[in-house]
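One letter stands for each residue in the lines below.
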Amino acid sequence: MVPLLIPVALTGLPLLLRGRAQVYASVATTVALAIFTVIASASIGWFYVPALAAALASLLAPSRKPWNTKVNPSWRASVEHKAAQ
């Protein structure tokens, strides 16, 4: 019964991290969960498919915060001004 908790524990690991480490841990745990699901698909692996789908969705969903927060707000206006000339 304890080996069944390993994928669950790994999936919660990114919640303990911040920044790029969280992104890398999310990718690593999703890959590990996918491997576990495929290997165990003959018996209990199919029960992990919803968790795998949620992990994949969280990786593919856009983040709430933009990657580049240092963009000057007047950048768009300067580009539009140059295009009008």
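Our subject is the structure listed above.
The text that follows walks through the structure, step by step, so that each part is easy to find. (Residues numbered from 1 in each chain as written. Predicted model: local features only at pLDDT ≥ 70, side-chain atom pairs only at ≥ 80, totals over all residues. Heavy atoms only, no water.)

### Overview of the overall build of the chain
This is how the line gets drawn: Runs of H or I in DSSP of at least four residues are treated as helices and runs of E of at least two as strands, each being numbered from the N terminus. Note on exposure labels: buried denotes an accessible area under 20% of the residue type's maximum, exposed denotes more than 50%, and partly exposed covers the range between, all computed with a 1.4 Å probe on protein chains only. In what follows, a contact means two residues having at least one pair of non-hydrogen atoms within 4.5 Å.
In terms of regular secondary structure, the chain is built from 4 helices and 0 strands. Helices and strands in the chain line up, N terminus first, as α-α-α-α. Going through the 85 residues of the chain one by one, you find that 15% of them count as buried. Long-range pairs, those at least 24 residues apart, make up 36% of the contacts in the chain between residues at least 6 apart in sequence.

### A short note on the packing of aromatic side chains
Under the convention used in this document: Stacked, tilted and edge-to-face are the three classes assigned to paired rings of Phe, Tyr and Trp, where Trp is represented by its six-membered ring and a pair needs centres within 6.5 Å; plane angles under 30 degrees give stacked, over 60 edge-to-face, the rest tilted.
Inspection of the entire model under this criterion finds 1 aromatic pair. When the ring of phenylalanine 36 is compared with that of tyrosine 48, the centres are 5.0 Å apart and the planes differ by 85°; the resulting orientation is edge-to-face. Residue phenylalanine 36 is located in helix α2 (residues 20-39), and its partner tyrosine 48 is located in the loop between α2 and α3 (49-60); the two are separated by 12 residues in the primary sequence. Look at phenylalanine 36 and you get partly exposed, because its relative accessible area is 24%.

### Considerations on the environment of leucine 17
Summarising the element assignment, leucine 17 is placed in the loop between α1 (5-12) and α2. Its relative accessible area of 27% is what places leucine 17 among the partly exposed residues. If sequence neighbours within four positions are ignored, leucine 17 has contacts with Gln22 and Ala25.

### Some points on a nonpolar patch on the surface
Spelled out, the test is: Residues enter a patch when their relative accessible area is above 30% and they make no salt bridge; the linking distance is 9 Å between like charges and 5 Å between nonpolar side chains (Val, Leu, Ile, Met, Phe, Trp, Tyr). Calculation of accessible area relied on Shrake-Rupley with a 1.4 Å probe; when residues are assessed, cover is drawn exclusively from the protein chains displayed. By salt bridge we mean one thing: a side-chain nitrogen of Lys or Arg within 4 Å of a carboxyl oxygen of Asp or Glu.
There is a patch of nonpolar side chains on the surface, built from Val23, Tyr24, Val27, Val31, Ile35 and Ile39 and spanning about 580 Å² of accessible area. Relative to the elements of secondary structure, isoleucine 39 occurs in helix α2.

### Re the environment of proline 7
In this structure, proline 7 sits in helix α1. Look at proline 7 and you get buried, because its relative accessible area is 6%. Considered as a pair, proline 7 and alanine 32 are 25 residues apart in the sequence and their alpha carbons are 7.7 Å apart. Among residues more than four places away in sequence, those in contact with proline 7 are Leu33, Phe36 and Tyr48.

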